There are 4 protein chains.
Amino acid sequence: MSDDHEIRRRVLQANLELVRLGLVIFTWGNASAIDREHGIVYIKPSGVDYARMTPEDIVPVRLDDGSVLSGKLRPSSDTATHLALYRAWPRVGGIVHTHSEYATAIAQAGVPIPAQGSTHADYFHGDVPVTRSLTKEEVEGEYEARTGDVILERFGQNQIDPIAIPGVLVDQHGPFSWGVTVEQAVMHAGTMEFLAKMFVHAAAVAPRQRRVPSFLLDKHYTRKHGPKAYYGQKPH
Amino acid sequence: MSDDHEIRRRVLQANLELVRLGLVIFTWGNASAIDREHGIVYIKPSGVDYARMTPEDIVPVRLDDGSVLSGKLRPSSDTATHLALYRAWPRVGGIVHTHSEYATAIAQAGVPIPAQGSTHADYFHGDVPVTRSLTKEEVEGEYEARTGDVILERFGQNQIDPIAIPGVLVDQHGPFSWGVTVEQAVMHAGTMEFLAKMFVHAAAVAPRQRRVPSFLLDKHYTRKHGPKAYYGQKPH
Amino acid sequence: MSDDHEIRRRVLQANLELVRLGLVIFTWGNASAIDREHGIVYIKPSGVDYARMTPEDIVPVRLDDGSVLSGKLRPSSDTATHLALYRAWPRVGGIVHTHSEYATAIAQAGVPIPAQGSTHADYFHGDVPVTRSLTKEEVEGEYEARTGDVILERFGQNQIDPIAIPGVLVDQHGPFSWGVTVEQAVMHAGTMEFLAKMFVHAAAVAPRQRRVPSFLLDKHYTRKHGPKAYYGQKPH
Amino acid sequence: MSDDHEIRRRVLQANLELVRLGLVIFTWGNASAIDREHGIVYIKPSGVDYARMTPEDIVPVRLDDGSVLSGKLRPSSDTATHLALYRAWPRVGGIVHTHSEYATAIAQAGVPIPAQGSTHADYFHGDVPVTRSLTKEEVEGEYEARTGDVILERFGQNQIDPIAIPGVLVDQHGPFSWGVTVEQAVMHAGTMEFLAKMFVHAAAVAPRQRRVPSFLLDKHYTRKHGPKAYYGQKPH
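What you are looking at is a predicted structure, and each value in this text was computed from that prediction instead of being measured. (Residues numbered from 1 in each chain as written. Chains lettered and ligands numbered in written order. Predicted model: local features only at pLDDT ≥ 70, side-chain atom pairs only at ≥ 80, totals over all residues. Heavy atoms only, no water.)

## A closer look at the pairing of strand 5 (residues 167-170) of chain A
All names here are of chain A. Of the two faces of strand 5, both are covered, the one formed by Gly167 and Leu169 as well as the one formed by Val168 and Val170. Where strand 5 meets strand 6 (residues 174-179), four bridges bridge the pair, whose relative direction is antiparallel. Looking at strand 6, one finds that valine 168 is bridged to phenylalanine 176. Hairpin connection from strand 5 to strand 6: three residues lie between these consecutive antiparallel strands, with glutamine 172 at a positive phi of about 60°. (Buried < 20%, exposed > 50% of the residue type's maximum accessible area, 1.4 Å probe, protein only. Helix = DSSP H or I, 4+ residues; strand = E, 2+ residues; numbered from the N terminus. Pairing = 2+ DSSP bridges.)

Written as structure tokens, this is what we have:
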């Protein structure tokens, strides 16, 4: 992933995939990937129309100080949130932020997405957590960096492994997701939206909220992840 | 925007975009733009199939008295509502009316769309208000002009800046939106529909209605609007 | 409408339009039109794939006794319902039956679609009514003819003009709609589905059901229908 | 159905149809068909992208012991569930498993899909049942085979004919459906999703759950199935 052109192509592709999956309307979303070797994060430019975006429009910023390395476009306004997560979580290779319809609605309600079934357990080893609200001082200061901080605070407090729970709802804002690759981060964004939809639908017919038992969480998660995984094809 | 052909092309494009965004089915919607220099409003013809509409079908009407300036087609039956808003609000350059599914449902419920998150705050600096019901006399008289009046009454009573809150729900009818340009008016129509969807979804899982604090409203709004905006690319 | 080929083409087109509008999945729907001069109803064949249907597949049946006039295909299993309505209502020129998602759900709930806004009033001059349940005897006998009877019973009891209320929900079954032409019947099917969607969405945020006042019903209806109509273009 | 290539083509087609019908996103679903003569089940490979799947990728496994007969791809991780049902139910020719949005949400809620209307009765001669939860021992052991067992347990306890009720919700997991052919199994998957959607929508406007009387269940079912069927065209 050290090849500058290849990573730009993948980040562009990930951003377009968000639109194709119906997770992003207008310009409401962004995907990034990191080149850990050189400490460079590649992210969507701010407010640019997806239909006209090229690999050259993807903005490279330094992981350490967020400065733009080349090009004339501003990076996504959410860049500081991405950087905070990349700095804290060395295994994360890609990050996605959307305002996808159902996940954002749940974030606005301020509740977690409960682990209600095997679809959830296949990708999230427990509830998708929701952060606390940001304070007035946090919002009026370095808002996007502080958004990263409340995510990290939530994962730290509950001792959550970000690889096992690859997403979060930021209260009154919306979903962030991530993965070892940016393609995984996109898939986790799509999965979160799907889980949010099912949460809403189930609430209509069964007001009492149910959760899967921990052994089902473990089974589905280990069926897909780790040394005992048997879902999908063997790696080549 | 003084070029007659160019403004017709843009108004046609805006009307087609409403269909493409899923905000209009059948012929249930209309978009207009104003040429302030000549005092002419260009609006969709009434009840014409979108698939066959050309720039020449867009109807130019006088801002002052609503008379049709050229062509054989009738303007949208909602023209008088558009004119009332253009007359009262000199900064508005484009207006859109739709019967989009969720926003219209909320209008039928007769409640505002509460400001529940950052998606809302990015475009609307507070709740999307709902008008009062029209009286029997208002409905039976110049109904469409009176529809404009109750919108203006609502914004006047609450001292709302129409540029900061670029949309409204007319009680038991549906959404109107506007902007400095007709393209903005379309985007605000799409945003209102999206906010209405999230309002419905959030209600399913969290009956207690939440609103964002005013400092979050201010932050997101000023991030995108005014001299301190840092969302999107710098204007050329 | 006496030209056999032209009416077949229109009925085929109407059936395909139901699919295009998302009102029919699989083969769950049917549209018909009547040639009043010759007393012939043209209706979709039963259980035939839409993708392969041609004008020659449309089945002509006699209005008086329902016998098939030509061709080898069986008419829609709902033909007797269509015939009952055509016989009772001489102004009706086309009929549509679907299992569209939301309208059918409301029919399963067994409640009318309340007139909650101007979108409703533009096409339905009052609630979309729901029939009573069929009795065991009615279901086990000539079921489809009896389905027509309970529709007629409902309109007769409430003295409803079928042109002013061009649709109904059959309890625990689904929507039927009609119009002066089959194209109108299709549009009314689409409108009923849209109204049903808004009914469901509004219920989520405002449990108390509202209805529009009669003067708004009258205004919107007469704006589109009758001698004082001013929506759409003047007839040529 | 003994021709190896033809059955591979049909199983591929069935899997692609699940995507086209919106029942499967990502790789979340699988369809299989059985060659009863040779005791071979043909099933989707695990975790392979639908866009690149060819008939040669479909995996043939032995009905008796589940061993793979040819090729290098692993069969779907749910293969043991399919096998359990094929072994118990000799009339079943095709099986489908999806995580379709609404049916899965109802499975997560842990309730059956009630028979609320004629759409339901046309394909399911009673409620779509839900299984009991699997125990810790069942989940940690041969999980997928046990999933088949709880389905069979549910049908055995309630003495349900799997041809008359061609689908089930596995608690906290999702829907399985089947049919005499794999094409029927796909249609039943689509029908279950549609019924689940209507269940959710009806709950919004009428909290009290209704069910159709048994004579309506019988009428619609026998209208489509068995010697007295009169829906669709006569078999050639």
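Now that the structure has been shown, we can carry on.
## Here's the deal with the confidence of the model for chain A
The share of residues in chain A with pLDDT of 70 or more is 98%, and the mean pLDDT across the chain is 95. Note on the complex model: pTM 0.96, ipTM 0.95. (pLDDT = per-residue confidence, 0-100.)

## Points about the relation of the copies chain A and chain B
Expressed as a screw transformation, the operator carrying chain A onto chain B has a rotation angle of 90° and an axial translation of 0.0 Å, and the superposed copies differ by an RMSD of 0.0 Å. The operation mapping one copy onto its partner corresponds to a four-fold rotation axis. When C-alpha distances to the rotation axis are compared across chain A, the minimum falls at A:Ala204, with a value of 4.6 Å. (Least-squares fit on C-alpha atoms with pLDDT ≥ 70 in both.)

## What to know about the layout of surface pockets
The space that makes up the second largest pocket amounts to roughly 1800 Å³. Forming the walls of the second largest pocket are 47 residues, and the residues nearest its centre are C:Thr27, C:Gly47, D:Tyr123, D:Gln184 and D:Met187. Breaking the lining of the second largest pocket down by element, the ones donating at least two residues are helix 1 (4-20) of chain C together with helix 1 (4-20), strand 6 (174-179), helix 7 (182-205) and helix 8 (214-224) of chain D. At six residues, helix 1 of chain D tops the list of elements feeding residues into the lining of the second largest pocket. Here the residues of the lining of the second largest pocket sort into 24 nonpolar, eleven polar and twelve charged. (1 Å grid on protein atoms, 1.4 Å probe; cavity = no way out; pocket = protein on both sides within 12 Å on 5 of 7 lines; lining within 4 Å. Points joined across faces, edges and corners; volume = space filled by probe spheres on them. Nonpolar A, V, L, I, M, F, W, Y, C, P; charged D, E, K, R; others polar.)

## Things to note about the pattern of salt bridges
Considering all chains together, one arrives at 60 salt bridges over all chains under this definition. Among the salt bridges present, the one from A:Arg20 reaches A:Glu17, with a minimum N-O distance of 2.8 Å. Taken together, the positions of A:Arg20 and A:Glu17, both in helix 1 (residues 4-20) and three residues apart, correspond to about one turn of that helix. Judged by its relative accessible area of 61%, A:Arg20 falls in the exposed class. A salt bridge links C:Asp65 to C:Arg62; the shortest N-O distance between them is 3.8 Å. (Salt bridge = Lys/Arg side-chain N within 4 Å of Asp/Glu carboxyl O.)

## Focus on the interface of chain A and chain B
One frequent convention defines the size of an interface as the accessible area lost when the parts assemble. Between chain A and chain B, the contact holds 40 residues from the first and 34 residues from the second. The junction of chain A with chain B conceals about 3200 Å² of combined surface from both sides, 57% of it contributed by carbon and sulfur atoms. Interface area lost by chain A to chain B is led by A:Arg74, A:Gln108 and A:Gln172, which between them contribute 24%. Our count for the chain A to chain B interface comes out at four salt bridges. Put simply, B:Arg223 and A:Glu144 hold a salt bridge, and the shortest N to O gap is 2.5 Å. Counting across the interface, chain A meets chain B through twelve residue pairs in polar contact (both at pLDDT 80 or more). Sorting the residues of the side of chain A that touches chain B by element identifies helix 3 (101-109), helix 5 (136-140), helix 6 (143-157) and helix 7 (182-205) of chain A as the ones contributing at least two each. Counted by class, the side of chain A that touches chain B contains 18 nonpolar, 14 polar and eight charged residues. (Contact = heavy atoms within 4.5 Å. Buried area = accessible area lost by both parts, 1.4 Å probe. Polar contact = N/O pair within 3.5 Å; in protein donor to acceptor, adjacent residues only side chain to side chain.)

## Quick word on the arrangement of the chains
Nothing in chain A touches chain C, and the closest approach of their C-alpha atoms is 9 Å. Across the gap from chain B to chain D, with no contact made, the nearest C-alpha atoms are 9 Å apart.

## Here's the deal with the packing of helix 2 (residues 79-88) of chain C against helix 6 (residues 143-157) of chain C
Residue and element names in this part refer to chain C. Across the interface, helix 2 lies against helix 6 with an axial gap of 7 Å and an inter-helix angle of 40°. On the basis of their axis angle, the class for helix 2 and helix 6 is oblique. Relative to helix 6, helix 2 is oriented so that their crossing is right-handed. When helix 2 is examined against helix 6, the residues Ala80, Thr81, Ala84, Leu85 and Ala88 are found in contact with a partner set consisting of Glu144, Ala145, Thr147, Gly148, Ile151 and Leu152. Looking at side-chain class alone, the contact of helix 2 with helix 6 contains seven nonpolar, three polar and one charged residues. (Axes fitted to C-alpha atoms, helices over the stretch in contact; angles between N-to-C directions. Parallel < 35°, antiparallel > 145°, perpendicular 65-115°, else oblique. Left-handed = near helix turned anticlockwise from the far one by under 90°.)

## Brief notes about the sheet that holds strand 2 (residues 40-43) of chain D
All names here are of chain D. If you trace the six strands from one edge of the open sheet to the other, you get 3-2-1-4-6-5, paired in antiparallel fashion. Two strands lie at the open edges of the sheet, namely strand 3 (59-62) and strand 5 (167-170), each paired on one side alone. Strand after strand, the sheet turns through a mean of 20° between neighbouring axes, direction not considered. With four bridges connecting them, strand 4 (residues 94-98) and strand 6 associate as antiparallel partners. By the bridge assignment, valine 96 is partnered in strand 6 with serine 177. In this fold helix 1 packs onto strand 1 (29-35), strand 2, strand 3 and strand 4, with an angle of close to 155° to the strand it touches most, strand 1.

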